[in-house]
Amino acid sequence: MTSPYSSNQTLQAIAAVTPPSGAPRPRLTFLGTGYLGATYAICFAELGYEVLGVDVDAAKIDKLNAGAVPIHEPGLDELLTKNLTAGRLRFTTDYAHAAAFGDVHFLCVGTPQRPDGLAADLGYVESAIISLAPYLGRKALIVGKSTVPVGTAEWVEQLVGKHAPVTSEVEVAWSPEFLQEGFAVEDVLRPNRVIFGVKSEWALGMLHSAHKGVFDLAATEDRDVPVVITDFPTAELAKVAANAFLATKISFINAMAEVCEASGADVTQLARAIGYDPRIGNKFLRAGVGFGGACLPKDIRAFQARAQELGVGEALRFLHEADLINQRRRQRVIQLAAELLDRRYGPNGPDLGGVAVTVLGATFKPNSDDVRDSPALSVVRKLSRAGAHVTVYDPEGMANAAREVPEVTYALSLVDAVRGAELVCVLTEWDEFRNADPTAIGELVSGRRVIDGRNCLDPVIWARAGWEYRGMGRPSSR
Ligand code: UGA
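Note that the structure is predicted; figures quoted are calculated from it, not measured.

*Asks:* Quick one: what's the story with the site of the ligand, residue by residue and with numbers?
*Replies:* In the vicinity of the ligand, 21 residues are found, and the nearest of them are Phe178, Leu179, Glu181, Asn243 and Phe364. Measuring from an oxygen atom of the ligand, one finds a side-chain N or O atom of Asn243 at 2.8 Å. Considering the ligand on its own, with 710 Å² of exposed area, one finds that the protein chains cover 94% of that surface. Looking at the shell around the ligand, the elements with two or more residues in it are α11 (232-263) and α13 (296-309). It is α11 that contributes the most residues to the shell around the ligand, 4 residues altogether. Residues of the shell around the ligand, tallied by class, amount to 10 nonpolar, 4 polar and 7 charged.

Right, dumping it as structure tokens:
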């Protein structure tokens, strides 16, 4: 069913709706306090809303109530403490409490890849709805934020219909999020757009009130926040299409890196040369070990699985190619290692038996402690499997990395990590690595060989300091 609302003018014209709780502004709950839910709950409290964060994980809830953010995200700690103290923000495991409290319930649970295929696992979505709906004693709006296969909003609506008391007339809307780890606070407080997938004027009015803090902040800063008012499937697709585009853009430049490697060109200069064209743009054109994290890899797979179900699998076949290009970049580091160390290939790939390799970086990108589907850790595993003695150092991600890949050594500092290394691989572009002094590090290693998996080092400076340098999609320099 399509939405009758199609423009920002509609939003201006929409009558203010009174929150069903009777509170002056809608009270908000965020179901799921992972990356998405915790950040949203804290930031919306900062915008002045009364907020309740809900999770089934009691330990996480206790931590949040005690003022501890379970993730590394710049700026979030201070906002959590500030808003807990102000009394606008609380966290609970009690769904009955959430139902009694909230006017708008934002669904923020994870939708990981299913263990048996490419599709998304909607188990957490289902259990959050089934846990909340029976307690909804009055009208409320459930708003999907989780990244889901197109069609999920309709299914959620049916689930709500089945499990909520009929008299409560609960409605559903969809409003995907676009936050980037490392910039999450900024992305929530100052989004570059918001999407409202709605079926009724009441839902639109409630969503508008629930975002008024965002619009008011923008007005004080003389900014506009574009709003796209649309139907359920378009709102759901807006998220996966955006991530598919970003993943494809990265894989495009990584495909160019492969061509550069074969032809002697430099992909970093190629990216600059094409990126000045505003139709192409210079963002997300950094070639390297490729994309990872909890979003892009699983989202492009789930999107393909859903397209297959819809009978349009062929339309997204290029995403399979984007995935393959991305995986090949991880393997490329192992090839470069074998080349630099003059090692032979065995039946299972290069033999790096006994070589001391230091990997700098474990997280999927800098300014995060997240190692989920991290290209750096994937390369660590491959190096270790090829027989190398691997030592890893990362400024924030060591604890998470050690849990995922316990079989390698973790060093407490950059200096400790590189001591005695025959090869150094920089796989996450932390400032600490970018700004490292190649001469000083050169004194500590036993072989001056470096693979710059993120093209974040200056090859000329490293070569001048006596290093054999290999980048991704760049000519080699000595
Ligand atoms: C991504 C999207 O950028 C967000 O808009 C989206 O909301 C989020 O997923 C999500 O679905 O929740 P995020 O996973 O935080 O955000 O990370 P990105 O900044 O997109 O980076 C993803 C990966 O691509 C990282 O491993 C990064 O190192 C890599 N990357 C990025 C490149 O290899 N090259 C680039 O040019 C840019």
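*Asks:* If you had to explain the state of the cysteines to someone new, which residues and values would you point to?
*Replies:* Within the structure shown, the criterion is met by 0 disulfides. We note that Cys108 lacks a disulfide partner, and the nearest cysteine sulfur, in Cys43, lies 12 Å from it. Among the residues examined, Cys108 registers a relative accessible area of 5% and is labelled buried. Looking at Cys260, it has no disulfide partner, and the nearest cysteine sulfur is the one in Cys456, 18 Å off. Owing to a relative accessible area of 5%, Cys260 belongs among the buried residues under this scheme.

*Asks:* Got a sec to walk through the nonpolar core? Specific residues and values, please.
*Replies:* Most often, soluble globular proteins keep nonpolar side chains buried together rather than apart. Core analysis: the largest hydrophobic core is formed by 51 residues, its most contacted members being Leu28, Phe30, Phe44, Val51 and Leu141. The leading source of residues in this core is helix α2 (residues 35-46), at 8 residues.

*Asks:* Please set out the pairing of strand β12 (residues 389-393) residue by residue, giving values where relevant.
*Replies:* With 4 of 5 residues buried, β12 is to be regarded as a mostly interior element. Of the strand pairs in this sheet, strand β11 (residues 356-360) and β12 are connected by 5 bridges, and their pairing is parallel. The partner of Val359 across the bridge, within β12, is Val392. At this point the chain moves from β11, through helix α15 (residues 375-385), to the parallel β12, and the crossover so formed is right-handed. Where the polypeptide runs from β12 across helix α16 (residues 398-404) and back to strand β13 (residues 409-410), its parallel neighbour, the crossover connection is right-handed.

*Asks:* Can you explain the packing of aromatic side chains? Please cite residues and give values.
*Replies:* Taken as a whole, this structure holds 8 aromatic pairs when the rule is applied. Judged by centre distance (6.3 Å) and plane angle (50°), the ring pair of Phe44 and Phe106 falls under tilted. Of this pair, Phe44 sits in helix α2 while Phe106 sits in strand β4 (residues 104-107), and the two are 62 residues apart along the sequence. Like Phe106, Phe44 is buried. By way of ring pairs, the aromatic residues Phe30, Tyr40, Phe44, Tyr49 and Phe106 are connected into one cluster. Cation over ring: Arg25 sits above Tyr49, and NZ or CZ is 4.2 Å from the ring centre. Just above the ring of Trp202 sits the side chain of Lys139; from NZ or CZ to the centre is 4.2 Å.

Each value, and the rule that gives it
Residues numbered from 1 in each chain as written. Predicted model: local features only at pLDDT ≥ 70, side-chain atom pairs only at ≥ 80, totals over all residues. Heavy atoms only, no water. Near = heavy atom within 4 Å. Polar contact = N/O pair within 3.5 Å; in protein donor to acceptor, adjacent residues only side chain to side chain. Areas by Shrake-Rupley, 256 points an atom, 1.4 Å probe, with all protein chains shown as cover. Helix = DSSP H or I, 4+ residues; strand = E, 2+ residues; numbered from the N terminus. Nonpolar A, V, L, I, M, F, W, Y, C, P; charged D, E, K, R; others polar. Disulfide = S-S within 2.5 Å. Buried < 20%, exposed > 50% of the residue type's maximum accessible area, 1.4 Å probe, protein only. Core = buried A, V, L, I, M, F, W, Y, C linked by side-chain atoms within 4.5 Å. Pairing = 2+ DSSP bridges. Right-handed = clockwise from strand over helix to strand, strands pointing away. Phe/Tyr/Trp six-rings, centres within 6.5 Å; stacked < 30°, edge-to-face > 60°. Lys NZ or Arg CZ within 6 Å of the ring centre and 35° of its normal.

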